[in-house]
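# Coordinate analysis (summary)
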Amino acid sequence: MGNAVSDQIKQATESYVNHDKAAAQALVQQDQSINSNEVDLEKQALTLMTLQQPVADDFRNVITILKASSDLERIGDHATGIALETIRVKGLQRNDDVEAKIASLTKTIRGMLTEALTALQAINMEQAQTVAEQDQEVDAQFDEIRRTITAAIQDDPAVAEAGASYLMVTKLLERIGDRIVNLAEEMVYNQTGEIVELNQGRLHPNN
C-alpha cells in the first residue's frame, strides 16, 4: 500500500508539471484501489482482534497498522487532489521555475515516505526520528515555493490564476509530509506504547 501511494504521489505531480490531463484523470480513477487496501487492512485487523484477542505488544502492532493505513489513504487522497488540480488548471499560463521546485519537493517527500515505511517495518527508532527531521526540509521548500510564486505573479500578473493552483498543490504536498511524520510517530508508539509528537512545526509553531 505504501509503495502504491508513493507511485501515486509521483504520477500526480508528473501529470501536474507536464500538464497531462489524461494521466491525471487516470490517476483519479485509480484512487479507489488505495481506498480498498485500507478497507481490507481494517477487516483483517478487526478479525485478528476478534478471533485472537491480542494483548500488549501484539495489540499495539494492530493499532499501528490501522493508523498507518489511514494515513496512507489520506496521502493518496492528497495525491488525487493534485491530479484533480491538473484537470482544473490545464491551459493556464504557467511558470517553469515554480513547477521545477514542486517536482523537487515531491522527490523529497517520496524519499521521506520510503524511509518512514522502512522504519515502520523494521521498527527503527533512529530512522523514525530522521524522517521527522526531514519534514523541516519539506517546510523550508514549501516556504521557498511560496516566495517564488509571489515573485512570479509580481513579474507577470497573468500567472496569478496558476499561482493560486501552485499554492494549493504545494500545500497538499506539505500535508503529505505531515502525514509521513505521523507514520514515524506510529512506529514509536508501536515500539514504546507512548504517543509522541515528532512534527517540529507543531512542537515549535513560531519557528
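Heads up: these notes are all about the structure in this document. In this text the structure is predicted, and so the values were computed from the model without any measurement.

This part takes up the nonpolar core. By size, the foremost hydrophobic cluster in this structure holds 43 residues, and its most contacted members are Ile9, Tyr16, Ile102, Tyr166, Leu173 and Ile180. Contributing elements (two or more residues each) for this core: helix H1 (2–17), helix H2 (21–52), helix H3 (56–89), helix H4 (96–122), helix H5 (125–155) and helix H6 (160–192). Broken down by element, this core gets its largest block of residues, twelve residues, from H6. Residues in contact with Ile102, not counting those within four places in the same chain, are Thr13, Tyr16, Val17, Ile145, Tyr166, Val169, Thr170 and Leu173.

Per the counting criterion, the structure on display carries one aromatic pair. Arranged with centres 6.2 Å apart and planes meeting at 80°, the rings of Tyr16 and Tyr166 form a pair that is edge-to-face. Pair noted here: Tyr16 is in helix H1 and Tyr166 is in helix H6, with a separation of 150 residues, a long-range link. Each of the two residues, Tyr16 as well as Tyr166, counts as buried. A cation over a ring is seen here: Lys67 above Tyr189, with NZ or CZ 5.6 Å from the ring centre. When the ring centre of Tyr16 is taken as reference, the NZ or CZ atom of Arg94 above it lies at 4.7 Å.

Here we come to H6. For H6, which comprises 33 residues, the first-to-last C-alpha distance of 48 Å matches the rise-based estimate of 48 Å (1.5 Å per residue) to within 8%. Remark: Gly193 follows H6 within two positions and exhibits a positive phi of approximately 80°.

Time to look at unusual backbone geometry. The phi angle at His19 is positive, at roughly 60°, despite the residue not being glycine. Relative to the helices and strands, His19 resides in the loop between H1 and H2. With relative accessibility at 30%, the residue His19 sits in the partly exposed group. Even without glycine at this site, Ile123 takes up a positive phi of about 55°. Position of Ile123 relative to the elements: it lies in the loop between H4 and H5.

Tallying each qualifying case throughout the model produces ten salt bridges. Arg146 is the salt-bridge partner of Asp143, the closest N and O atoms lying 3.0 Å from each other. Of this pair, Asp143 and Arg146 both sit in helix H5, three residues apart, which is roughly one turn of that helix.

So, about the packing of H4 against H6. Relative orientation of the contacting elements H4 and H6 amounts to 15°, with a least axis distance of 9 Å. Here H4 is positioned roughly parallel relative to H6, judged by the angle of their axes. Where H4 crosses over H6, the handedness of that crossing is left-handed. Two secondary-structure elements touch here, H4 through Val98, Glu99, Ile102, Leu105, Thr106, Ile109, Met112, Leu113, Ala116, Leu117, Ala119 and Leu120 and H6 through Tyr166, Val169, Thr170, Leu173, Ile176, Gly177, Ile180, Val181, Leu183, Glu186 and Met187.

Rules of the game
- Residues numbered from 1 in each chain as written.
- Predicted model: local features only at pLDDT ≥ 70, side-chain atom pairs only at ≥ 80, totals over all residues.
- Heavy atoms only, no water.
- Core = buried A, V, L, I, M, F, W, Y, C linked by side-chain atoms within 4.5 Å.
- Buried < 20%, exposed > 50% of the residue type's maximum accessible area, 1.4 Å probe, protein only.
- Helix = DSSP H or I, 4+ residues; strand = E, 2+ residues; numbered from the N terminus.
- Contact = heavy atoms within 4.5 Å.
- Phe/Tyr/Trp six-rings, centres within 6.5 Å; stacked < 30°, edge-to-face > 60°.
- Lys NZ or Arg CZ within 6 Å of the ring centre and 35° of its normal.
- Expected span 1.5 Å × (residues − 1).
- Salt bridge = Lys/Arg side-chain N within 4 Å of Asp/Glu carboxyl O.
- Axes fitted to C-alpha atoms, helices over the stretch in contact; angles between N-to-C directions.
- Parallel < 35°, antiparallel > 145°, perpendicular 65-115°, else oblique.
- Left-handed = near helix turned anticlockwise from the far one by under 90°.

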